[in-house]
Amino acid sequence: MHSGTHSGGKSNAHKALVAFHRTELDVILRVYGRRVAEGEWRDYAIDHMTDRAIFSIFRRASEMPLYKVEKVPALARKQGAYRVVATGGTILKRGHDLAQVLKILDRPKLKLVSG
């Protein structure tokens, strides 16, 4: 006799993935595009997982990402679903508004001025 539940041949491998919505990608790509035009960034990758979506930003494709823009829906009611994480894992900024969180990446760089 067989006891237990029958899954009908389906596995748990088909769990819903977290993804960036089109409007979220537009906001991210606007900041990314400016930094590419400045020659700072050259590549990106998007990962969708069951608990988060990650937009990784690279100076060169062969390196570790400089920054990761993460969407973690489980944190939406707490610290906010969005955060920017630096290479070492340090969270630079987090919040509920993606555009506000991304301002940390859009800061002007300091330039040396000769006098």
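Each value, and the rule that gives it
Residues numbered from 1 in each chain as written. Predicted model: local features only at pLDDT ≥ 70, side-chain atom pairs only at ≥ 80, totals over all residues. Heavy atoms only, no water. Core = buried A, V, L, I, M, F, W, Y, C linked by side-chain atoms within 4.5 Å. Buried < 20%, exposed > 50% of the residue type's maximum accessible area, 1.4 Å probe, protein only. Helix = DSSP H or I, 4+ residues; strand = E, 2+ residues; numbered from the N terminus. Expected span 1.5 Å × (residues − 1). Contact = heavy atoms within 4.5 Å. Phe/Tyr/Trp six-rings, centres within 6.5 Å; stacked < 30°, edge-to-face > 60°.

A. Fine view of the nonpolar core. By size, the foremost hydrophobic cluster in this structure holds 19 residues, and its most contacted members are Phe55, Val69, Leu102 and Leu105. Counting residues per element, the ones that place at least two in this core are α1 (22–37), β2 (53–58), β4 (82–86) and α2 (98–102).

B. Inspection of α1 at higher detail. With 16 residues, α1 extends 22 Å between its outermost C-alpha atoms, agreeing within 8% with the 22 Å of an ideal straight helix rising 1.5 Å per residue. Along α1, the residues that are buried comprise Glu24, Leu25, Ile28, Val31, Tyr32 and Arg35. Contacts made by the buried residues of α1 are with β1 (43–48), β2, β3 (67–71), β4 and α2.

C. Main features of the environment of Val101. With respect to the helices, strands and loops of the structure, Val101 is situated in helix α2. Residue classification places Val101 among the buried positions, given a relative accessible area of 2%. A sequence separation of 32 residues divides Val101 from Val69, and the C-alpha atoms of the two residues are 9.0 Å apart. Every residue in contact with Val101, bar those within four places of it in the chain, is listed here: Tyr82, Arg83, Val84, Lys93, Arg94 and Gly95.

D. Representation of the environment of Ala16 in the model. Examined against the element boundaries, Ala16 turns out to sit in the segment before α1. Relative accessible area serves as the criterion here: at 65%, Ala16 is assigned to the exposed category. Distance from Ala16 to His48, taken between C-alpha atoms, is 9.6 Å for residues 32 residues apart in sequence.

E. Just the packing of aromatic side chains, in detail. Counting across every chain of the model gives five aromatic pairs. Between Tyr32 and Phe55, the aromatic rings sit 5.9 Å apart at their centres with planes inclined by 75 degrees, giving edge-to-face as the arrangement. A residue pair is termed long-range when its members are at least 10 positions apart, and Tyr32 in helix α1 and Phe55 in strand β2 qualify at 23 residues. For Phe55, a relative accessible area of 0% corresponds to the buried category. Among the aromatic residues, those joined into a cluster by ring pairs are Tyr32, Trp41, Tyr44, Phe55 and Tyr67.

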